[in-house]
Amino acid sequence: MILNSKIPAGQLQSKWEDYKSTCKLVNPANKRQIEVIVIGTGLAGASAAASLGEMGYKVKAFCFQDSPRRAHSIAAQGGINAAKNYQNDGDSTYRLFYDTIKGGDYRSRESNVYRLAAVSASIIDQCVAQGVPFAREYGGLLSNRSFGGTQVQRTFYAAGQTGQQLLIGAYQALERQIALGNVEMYARHEMLELVKVEGKARGIIARNLITGELERHFGHSVLLCSGGYGNVFYLSTNAMGSNVTAAWKAHKKGAFFGNPCFTQIHPTCIPVTGDHQSKLTLMSESLRNDGRIWVPKKQGDNRKASEILEEERDYYLERRYPAFGNLVPRDVASRAAKERCDAGYGVGTSKMAVYLDFASAIMRYGKVEAHKRGLAHGDDKAVYQLGKDVVKEKYGNLFEMYEKITGENPYEIPMRIYPAVHYTMGGLWVDYELMTTVPGLYALGEANFSDHGANRLGASALMQGLADGYFVIPYTLGNNLADDIRTKAMPTDHPAFAEAEKEVSDRLTRLMSIKGSESVESFHKRLGKIMWDKCGMARNAKGLQEAVTEIQALKKEFWSNVRIPGEISEFNPELDKAGRVADFIELGELMCLDALQRNESCGGHFREEYQTEDGEALRQDDQYMFVAAWEYKGDSRFEMHKEVLDYEVVHPSQRSYK
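The model shown is predicted, which means the values in this text are computed figures rather than measured ones.

Before going further, it helps to examine empty space enclosed by the protein. In total, this model carries six cavities of 30 Å³ or more according to the counting rule given. Quantified by volume, the largest cavity comes out at close to 130 Å³. In terms of lining residues, the largest cavity is bounded by 15 residues, among which Leu-192, Leu-508, Leu-575, Asp-576 and Gly-579 are the most central. Residue contributions to the lining of the largest cavity peak at five residues, all from helix 16 (residues 573-597). Looking at the lining of the largest cavity residue by residue, the class counts come to six nonpolar, two polar and seven charged. Around the second largest cavity, the lining residues are Thr-263, Gln-264, Ile-265, Asp-331, Ser-334, Arg-335, Asn-455, Met-537, Gly-603, Gly-604 and Phe-606. Those elements that place two or more of their residues in the lining of the second largest cavity are strand 11 (263-269) and helix 9 (330-342).

Here we take up the packing of helix 3 (residues 43-55) against helix 6 (residues 162-179). The packing of two helices is summarised by the inter-axis angle and the distance between the axes. Contact geometry of helix 3 with helix 6 gives a least axis separation of 8 Å together with a crossing angle of 35°. Note on packing geometry: the crossing formed by helix 3 with helix 6 is left-handed. On helix 6, the residues that touch Leu-43, Ala-46, Ser-47, Ala-49, Ala-50, Gly-53 and Glu-54 of helix 3 are Leu-166, Leu-167, Ala-170, Ala-173, Leu-174, Arg-176 and Gln-177. Here the contact of helix 3 with helix 6 is composed, by residue class, of nine nonpolar, three polar and two charged.

Counting buried residues along strand 11, seven of its seven residues qualify, which places the element largely inside the surrounding structure. For strand 11 and strand 15 (residues 415-424), the ladder comprises five bridges, and the chain directions are antiparallel. The partner of Gln-264 across the bridge, within strand 15, is Tyr-423.

Along helix 1 (residues 15-22), the residues classified as buried are Lys-15, Trp-16 and Tyr-19. Taken around the axis of helix 1, the buried residues stretch over an arc of 90°, which confines them to a single face. Tucked inside the fold, the buried residues of helix 1 contact helix 5 (110-130) and helix 12 (461-481).

It is worth spelling out helix 3 at this point. Its 13 residues give helix 3 an end-to-end C-alpha distance of 18 Å, which sits within 8% of 18 Å, the value for a rise of 1.5 Å per residue. In terms of residue burial, helix 3 counts as a mostly covered element, since eleven of its 13 residues are buried. For helix 3, the complete set of buried residues consists of Leu-43, Ala-44, Gly-45, Ala-46, Ser-47, Ala-48, Ala-49, Ala-50, Ser-51, Leu-52 and Gly-53. Where helix 3 is buried, its residues contact strand 1 (35-39), strand 2 (58-62), helix 6, strand 5 (183-186), strand 9 (221-224) and helix 12. Positive backbone phi, approximately 115°, marks Gly-56, located one or two places after helix 3.

By a frequent convention, interface size equals the accessible area lost on bringing the separate parts together. For the protein chain, the assigned domains read domain 1 (266-421) and domain 2 (503-625). Contact with domain 1, which involves eleven residues of that partner, is made by ten residues of domain 2. Here domain 1 packs against domain 2, burying approximately 800 Å² in sum over the two surfaces, 57% of which is carbon and sulfur. The largest share of the area that domain 1 buries against domain 2 comes from Asp-331, Arg-335 and Lys-338, three residues that together contribute 50% of it. For the pair domain 1 and domain 2, the number of links is one salt bridge. Across the pair Glu-616 and Arg-320 runs a salt bridge whose closest N-O atoms are separated by 3.3 Å. Viewed at the interface, domain 2 and domain 1 are joined by four residue pairs in polar contact (both at pLDDT 80 or more).

Conventions used here
Residues numbered from 1 in each chain as written. Predicted model: local features only at pLDDT ≥ 70, side-chain atom pairs only at ≥ 80, totals over all residues. Heavy atoms only, no water. 1 Å grid on protein atoms, 1.4 Å probe; cavity = no way out; pocket = protein on both sides within 12 Å on 5 of 7 lines; lining within 4 Å. Points joined across faces, edges and corners; volume = space filled by probe spheres on them. Helix = DSSP H or I, 4+ residues; strand = E, 2+ residues; numbered from the N terminus. Nonpolar A, V, L, I, M, F, W, Y, C, P; charged D, E, K, R; others polar. Axes fitted to C-alpha atoms, helices over the stretch in contact; angles between N-to-C directions. Left-handed = near helix turned anticlockwise from the far one by under 90°. Contact = heavy atoms within 4.5 Å. Buried < 20%, exposed > 50% of the residue type's maximum accessible area, 1.4 Å probe, protein only. Pairing = 2+ DSSP bridges. Arc of directions from axis to C-beta. Expected span 1.5 Å × (residues − 1). Domains from an automatic or database assignment. Buried area = accessible area lost by both parts, 1.4 Å probe. Salt bridge = Lys/Arg side-chain N within 4 Å of Asp/Glu carboxyl O. Polar contact = N/O pair within 3.5 Å; in protein donor to acceptor, adjacent residues only side chain to side chain.

What follows is the structure, given as structure tokens:
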């Protein structure tokens, strides 16, 4: 199949404006006759459902949590990017676009990324109008800080809980539409199948997670806003409920999966402490603004951090990447930490951690505060206390969280951090209009592949989710629904709905009838170990081939020996989890196949066979400058299609942050 990305003609800077000016519209009376299904109520889903409800569409929104407020977007900490240039430090739409393309190691689509940068400023205006309490400067302007991969300050934030505050804003907008009757909310419902009629997405089969009942829902279009698939690794920064099921069901019904092997490893997470853990905790990348990352210069140094003198410390990011220092992109920082630990310089009991130290930042801020108060010659203890108060105001909740988890006071002892799975750049392949290869089926936010290439820059996830929901889908959805206004709402006794429901029912019955001896959790944990060891921060051909074989064996064992207690027709979280893990196993195999065919290193995909002399990622632009879009062809069978990436404005070069 030739993939049509539907990129508008014309200059890059004017494509989106020209598209909006010429796309088809649906008049208000017709919108009231059109039904739209939205799966997921995180930032992408809540903003899309609220926007479409406001426009007059009949919207049904689904989430598996007990409230839209529980969506995993709430966990985002550090901030949201926008090219407002409030700091007057050289930012612009073009610079945000360029940083994002470069940060993604030249594996994203130019037109989508430029549109993202162009609408970013509008997101901030929208959120301020909703009452999102962004941090402000003394004079009242919104405050900004830096994130990795940039040399400007463009990240807007609300302490260390930006995701929560943005989600509350979108949630309020959504709840208003629910109260007005424009959006019908289905909490505790999970999409388990896509319904297609004559090749188009026309609805879903959902399971009521309280009663176990299967329900049929019609929609003229279906929007998947169901997040990423980082939990395929078991240990990740994702909430335990985050899963790939909605996207995977769509994939098996014909939606191509783009770049599944592109996984983001976040450099600043609290290290693993033992086999008892079920998830990892993120420490916001914003901490790299002021925290300095280091390891001892001596291998196997067991002294306390406070006993290691300044000249005995290796600030390795500042040493290797002087232009960006501690603010290199996530993939670069993660690999550098792994390299130091593998070489024997790690700290802590596991030796698989590095220090993130705020001591110099506390003193720096303290001196500024002392000057402001006329205490320029105050003693170090007083200066330290003043600086600590400033840091507490900027990052306090993150420091509290770290202390609760580790029992250590990060104001006095440097944080210990190590990389962990965080975000997934891969997702359902979509065109410029965010439509998948199934007509009428869209993917927004982290569920699609479109904006981040092989590595996402920090603070861009919130930007993409809200851009897609508030500012892109209202236009692109209308452009396609304008041709659907004569289609009446379809009764759910249509044969396509009955067939899809039978598929779900048979699958659930098969799961429950296995009655094996091993728990769902143990299979998930075993899958995660295979994925992390062989398709994690570093990959190689031998390991990936072994992983495919091991995952196929694990799948066979899962379907013959998993134990699921309870019944189908009741509240049964183990059954819900079993379905999700079954999908993760299938996805894991595809991720390894995708990583195996991409014989290059780029961004978060680091093939050990392809690296420069100094250990940086070595791309093969002449062979792999494409999106790998995978078509499902049956059990363990996938066919790869390519979308060639054409760079008209940015000329790809070897990424350097030195």
